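The primary structure of each chain is shown beneath.
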Amino acid sequence: MSRLHVSHKDLVHFAETKVNLPSDKAKEYRAQVHRLREKLKSYLKEHPDFTLKKILLSGSLAKRTALRSLNDIDVACYISGADAPHQINELLEYLADRLRTAFPNFTPEQVKPQTYSVTVSFQGSGLDVDVVPILYDNDPQWYGNLVSQDDGSFLKTSIPLHIEFASKRKSKEPHFAQVVRLVKFWAKRMKQQDENFRFKSFMIEMILAKLCDEGVDFSDYPEALQHFFTYVAKSNLEEIIFFDDYYDPKKIGKFTDRVQIIDPINEKNNVGKLYTSVNVDSIVEAALEAGDAIDSALLAPTKQETVRYWQKIFGTSFQL
């Protein structure tokens, strides 16, 4: 592949200046969550029977795949106790009430139940923390029942194991997280162009984890991106994707869904269960166009034309 006009280094610069959450912001956000955790720990020392047992950073900030556009933080709160309600609305009110008890410095207006989470707003930074409840029964690996952000159903999960799963891929492939961020940036742009376009970040991560496990080299970003788009286009997302880190693949259930990307922590959860053929067709078409744009960019005779092709993928924010 030609690197005459736009090289791997140019994509590195683009990622650092336009795609990635700046390291100082990431540290600030993690520090805020850390303070919440420490306050809860202190409260638990004095009130060991309190039903909120642990607060854990989750989502892209925990996996270090956050984009520059991040405007809220995902946090999981483990809730124990027989009196914790199982109706979503009641559970969220229950969580909000106990967060106000554990953190008395927050005003009631700073702790508000939403559809599937409780938002804690920091007045100083203006940052929102979305706290998702997990019903917990003292499992040593921190498995519990999470309120799904997709449909509000309860979903068996373990936040520490999800973070460990991502960490294993980052240890194996140092460029894993960066390629995840670049593809997420592309998908976000597709959503901005078409409000009906859907491509969940977690699905993107699982596809890239599969490619990583298969030995794809992520160290050259144009090639790594082309591997991703080629896989999506050629597979038509008809291939079942699963992992054996935490369960025997033989235990995976029989799914009839159009897309089958199995949660690496829960063999009974198909991450792609809500995706229709229409959704898949849009993703595949977008991947084909992105792959063609990369091919054209690598063969373009001028710098201006090369940049124009990369802008088809990343938008006008891509500049040299």
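Check the entry above for the structure.
Described below are features of the structure shown in this document. (Residues numbered from 1 in each chain as written. Predicted model: local features only at pLDDT ≥ 70, side-chain atom pairs only at ≥ 80, totals over all residues. Heavy atoms only, no water.)

1. What about the overall build of the chain?
- Looking only at helices and strands, one finds ten helices and seven strands in the chain.
- Whereas a compact globule of 320 residues would reach a radius of gyration of roughly 20 Å, the chain reaches 21 Å, a difference of no more than 12%.
- With the principal axes as the frame, the chain shows a C-alpha extent of 70 × 45 × 35 Å.
- Sequence separation of 24 or more characterises 59% of the internal contacts of the chain that already satisfy a separation of 6 or more.
- Carbon together with sulfur atoms contributes 47% to the accessible area of the chain, which is approximately 15,500 Å² in total.
- Averaging the positions of the 42 positive and the 44 negative side-chain charges in the chain gives two centres separated by 4 Å. (Helix = DSSP H or I, 4+ residues; strand = E, 2+ residues; numbered from the N terminus. Rg over C-alpha atoms; globule rule 2.2 N^0.38 Å. Contact = heavy atoms within 4.5 Å. Areas by Shrake-Rupley, 256 points an atom, 1.4 Å probe, with all protein chains shown as cover. Lys, Arg positive; Asp, Glu negative; His and termini not counted. Charge placed at Lys NZ, Arg CZ, Asp CG, Glu CD.)

2. Digging into the environment of R189
- Structurally, R189 can be placed in helix α6 (residues 176-193).
- A C-alpha to C-alpha distance of 34 Å links R189 and K254, two positions 65 residues apart in sequence.
- Setting aside anything within four residues of it in sequence, one finds R189 in contact with Q311, K312, I313, F314 and G315.

3. Concerning a negative patch on the surface
- There is a patch of like negative charges on the surface, built from D281, E285, E289, D292 and D295.
- Topologically, D292 is positioned in helix α9 (residues 277-299).
- Relative accessible area serves as the criterion here: at 47%, D292 is assigned to the partly exposed category. (Patch = residues over 30% accessible without salt bridge, like charges linked within 9 Å, V, L, I, M, F, W, Y side chains within 5 Å. Salt bridge = Lys/Arg side-chain N within 4 Å of Asp/Glu carboxyl O. Buried < 20%, exposed > 50% of the residue type's maximum accessible area, 1.4 Å probe, protein only.)

4. Brief notes about the nonpolar core
- Formed by 64 residues in total, the largest nonpolar core has its most connected members in W186, F199, L208, F228, W310 and F314.
- Mapped by element, the contributors of at least two residues to this core are α1 (8-19), α5 (159-172), α6, α7 (201-213), α8 (221-235), α9 and α10 (303-314).
- Counting residues per element, this core draws most heavily on α9, at ten residues.
- In this view, L208 contacts F176, V179, V180, V183, F218 and F228; residues no more than four positions away in its chain are not counted.
- One finds V75, C77, L99 and L146 within the second-largest nonpolar core, a separate group that totals 49 residues. (Core = buried A, V, L, I, M, F, W, Y, C linked by side-chain atoms within 4.5 Å.)

5. Focus on the packing of aromatic side chains
- Inspection of the entire model under this criterion finds 20 aromatic pairs.
- The interplanar angle of 10° and the centroid separation of 4.4 Å between the aromatic rings of Y136 and W142 together place this pair among those described as stacked.
- You can call Y136 buried: its relative accessible area is 10%.
- Connected via pairs of aromatic rings, a cluster forms that spans F14, F185, W310, F314 and F318.
- The positively charged end of R98 is found above the aromatic ring belonging to Y94, 3.6 Å away from the centroid.
- For the cation-ring pair, K156 lies above Y143, with the distance from its terminal atom to the ring centre recorded as 4.8 Å. (Phe/Tyr/Trp six-rings, centres within 6.5 Å; stacked < 30°, edge-to-face > 60°. Lys NZ or Arg CZ within 6 Å of the ring centre and 35° of its normal.)

6. With respect to unusual backbone geometry
- Of note, W142 is a non-glycine position whose phi angle comes to about 60°, a positive value.
- Within the fold, W142 resides in the loop between β5 (128-136) and β6 (143-147).
- One non-glycine residue, L237, adopts positive backbone phi at about 55°.
- Locating L237 in the fold gives a position in the loop between α8 and α9.

7. Quick notes on helix α4 (residues 88-102)
- Look at α4: 21 Å from first C-alpha to last across 15 residues, which is about the 21 Å you get at 1.5 Å a residue.
- What α4 keeps buried is the set I88, L91, L92, Y94, L95, A96, R98, L99 and A102. (Expected span 1.5 Å × (residues − 1).)

8. Re the environment of F242
- Inspection of the secondary structure puts F242 in the loop between α8 and α9.
- Sequence separation between F242 and A209 is 33 residues; the distance between their C-alpha atoms is 9.8 Å.
- Residues contacting F242, with those up to four places away along its chain left out, are P249, I252 and I262.

9. A look at the packing of α6 against α8
- For the pair α6 and α8, the least separation of the axes is 10 Å and the interaxial angle reads 60°. One finds that α6 runs oblique with respect to α8. Between α6 and α8 lies a crossing whose hand is right-handed. Seen from α6, the contacting residues are Q178, V179, L182, V183 and W186; seen from α8, they are Y221, A224, L225, F228 and F229.
- Looking at the contact of α6 with α8 residue by residue, the classes come out as nine nonpolar, one polar and no charged. (Axes fitted to C-alpha atoms, helices over the stretch in contact; angles between N-to-C directions. Parallel < 35°, antiparallel > 145°, perpendicular 65-115°, else oblique. Left-handed = near helix turned anticlockwise from the far one by under 90°. Nonpolar A, V, L, I, M, F, W, Y, C, P; charged D, E, K, R; others polar.)

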